[in-house]
There are 2 protein chains.
Amino acid sequence: MRGDGSVLTKGAQARARIISVAETLFNKQGFDGASMRDIAAAAEMQPASVYYHFESKEELLWAVWEKGGLELLDRVNDAIAGKTDPWQRIETACIAHTTGLLDWRRANQALFVMPPWHYPESIKTRVISLRDEYEKIFIGLIDDLPLRKGIDRRYLRLTIIGALSWSLFWFKKERDTPASIAKQILSILRGGIDAAV
Amino acid sequence: MRGDGSVLTKGAQARARIISVAETLFNKQGFDGASMRDIAAAAEMQPASVYYHFESKEELLWAVWEKGGLELLDRVNDAIAGKTDPWQRIETACIAHTTGLLDWRRANQALFVMPPWHYPESIKTRVISLRDEYEKIFIGLIDDLPLRKGIDRRYLRLTIIGALSWSLFWFKKERDTPASIAKQILSILRGGIDAAV
DNA sequence: GTAATAATCTAACGAACGTTCGACAAATTA
DNA sequence: TAATTTGTCGAACGTTCGTTAGATTATTAC
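Notes on the structure in this doc start here. Counting starts from 1 at the beginning of each chain's written sequence and moves along it residue by residue. As they are written, the chains are lettered A onward and the ligands numbered 1 onward, keeping that order. pLDDT decides what is reported in this predicted model: residues at 70 or higher carry local features, side-chain atom pairs at 80 or more are listed and counted, and totals for whole chains, interfaces and linings draw on all residues regardless. With hydrogens and water set aside, each side-chain value is computed from the structure's full complement of heavy atoms.

### Description of the packing of aromatic side chains
Each aromatic ring pair is summarised here by two numbers: the centre-to-centre distance and the angle between the ring planes. In this scheme Phe, Tyr and Trp rings, the latter by its six-membered ring, pair at centre separations within 6.5 Å, and the angle between planes marks the pair as stacked below 30 degrees, edge-to-face above 60, and tilted otherwise. Enumeration over the complete set of coordinates arrives at nine aromatic pairs over all chains. Measuring from ring centre to ring centre gives 5.2 Å for Phe26 of chain A and Phe31 of chain A, while their planes differ by 50°; the resulting arrangement is tilted. Aromatic side chains Trp166 of chain B and Phe169 of chain B sit 4.5 Å apart centroid to centroid with 85° between the ring planes, which places their arrangement in the edge-to-face category. In this pair, the class of Trp166 of chain B matches that of Phe169 of chain B, namely buried. An aromatic cluster is defined as three or more aromatic residues linked by ring pairs; in this entry it consists of Trp166 and Phe169 of chain A together with Trp166 and Phe169 of chain B. A positively charged side chain is recorded as over a ring if its NZ (Lys) or CZ (Arg) lies within 6 Å of the ring centre. The angle to the ring normal must also be within 35 degrees. The ring of Phe31 of chain A carries the charged tip of Lys57 of chain A above its face, separated from the ring centre by 4.5 Å. When a residue's accessible area, from a 1.4 Å probe over protein chains only, is under 20% of the maximum for its type it is buried; when over 50% it is exposed; and in between it is partly exposed.

### Some thoughts on helix H7 (residues 121–143) of chain A
Per the convention used, a helix needs a DSSP run of H or I reaching at least four residues, while a strand needs a run of E reaching at least two, with both numbered from the N terminus. Each helix should span, by expectation, one fewer than its residue count multiplied by 1.5 Å. Its 23 residues place the ends of H7 of chain A 32 Å apart at the C-alpha level, agreeing with the 33 Å of an ideal helix rising 1.5 Å per residue. Every buried residue of H7 of chain A is listed here: Ile123, Val127, Leu130, Arg131, Tyr134, Glu135, Ile137, Phe138, Leu141 and Ile142 of chain A.

### Some words on the nonpolar core
Among soluble globular proteins, nonpolar side chains are generally buried collectively. Each nonpolar core is a collection of buried residues, namely Ala, Val, Leu, Ile, Met, Phe, Trp, Tyr and Cys, held together in the definition by side-chain atoms within 4.5 Å. Of all hydrophobic cores here, the largest spans 77 residues; its most connected members are Ile90 and Leu156 of chain A together with Ile90 and Leu156 of chain B. Whether two residues are in contact is decided by their heavy atoms, any of which lying within 4.5 Å being enough. If sequence neighbours within four positions are ignored, Ile90 of chain A has contacts with Phe138, Leu141, Ile142, Leu145 and Leu186 of chain A.

### Quick look at the side chain of Arg154 of chain A
Relative to the helices and strands, Arg154 of chain A is located in helix H8 (residues 153–165). At 3.2 Å, the side chain of Arg154 of chain A and the side chain of Asp176 of chain B are in polar contact. Once you skip the residues sitting within four places of it in the chain, Arg154 of chain A turns out to touch Trp170, Arg175 and Asp176 of chain B. Identification of polar contacts relies on pairs of N or O atoms within 3.5 Å, with a donor-acceptor requirement for protein atoms, meaning one able to donate a hydrogen and the other able to accept it, and with residues adjacent in sequence counted only if both atoms are side-chain atoms.

As structure tokens, then:
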């Protein structure tokens, strides 16, 4: 705690503000579409000042990515913290995942979810390791599920995460809610779809 | 047919060559990352010559998109043409879809699948209408399936396409094949996963 | 109060970008 | 063969980009 009552230094505040506006602009206009000048203007400073806090545009991208990833990680972990029933745990996690993507921090949608195909190796590895850590949650949750014989747990995980995350591309807030999407998808998966089975 | 035995005019050949190299470069480096100079060099011509065939970079993008979309459309339609059993039809279509994305025209992966969030309205509407036409195939196939009571066919379609398409982000050709991915995912969905159901 | 450090500023550099212009060559048509 | 269209070219225009250098102001430490 500082003398004026604030908890962050001026520098840390500026850093957070830059990450926040960059988050918004990267998502709205894409990484290439959002210039450092745009970001600086939105953060109400000069372009050069941004470089006092981040040494390059790519490092700023990573900061945005990391913030979004850790937030989603926390969100899902918090959601399942109290539950014990395996099916309830996975449903809660799915709802948190979908809500986090669709509602909560819209800015991180494309960034956290999309693979950084066109970005430099240094960032790619960091993003992938963050994603891996995130997927570990689901690996654990799915391990605890009592499944039909013959179900490949890896395919199941990829199916769940894929189906949920794909909602990024068709979600319309007038029609669906993140929670209902997660519930419906999980229910389809859980019970199967074939009338004859 | 022309005098020299070729079936295309010189212009049409050049156009096709440009689309082909642009397809590759857009996918490898992204739309912004691939410059008109890169594309022209790969097509073995001067940048200015590209503008004789396409009036802008965005129109070239659309041409790439359209080619990939129509090819995938044809691929899926051809695959289901002979089949009559509803489950066999959807499985065949899923395999064709996944194979088309993962194997066949790698260049169109991100382009056809990803929403053109950051692209101008004129292109966005054309891409969306192409995607809609493609999804109509799956709407028809799913309408014909004998499903358990209470299954929402729209959610089911989005789940199937989402789970399959998400494989773009984790597919490793050393480990999976497009056909096995499609089969496994469909089998999970068909029978359900809960041991108790 | 004074020195040191942290943060922001103005100004600009060099490179890359999409695109255009006008001349020139190749192919087609009459 | 002459006229016309089709396709390609070299050269450049104007703009925007990420980034940097150096001066200047605010904040902190002694």
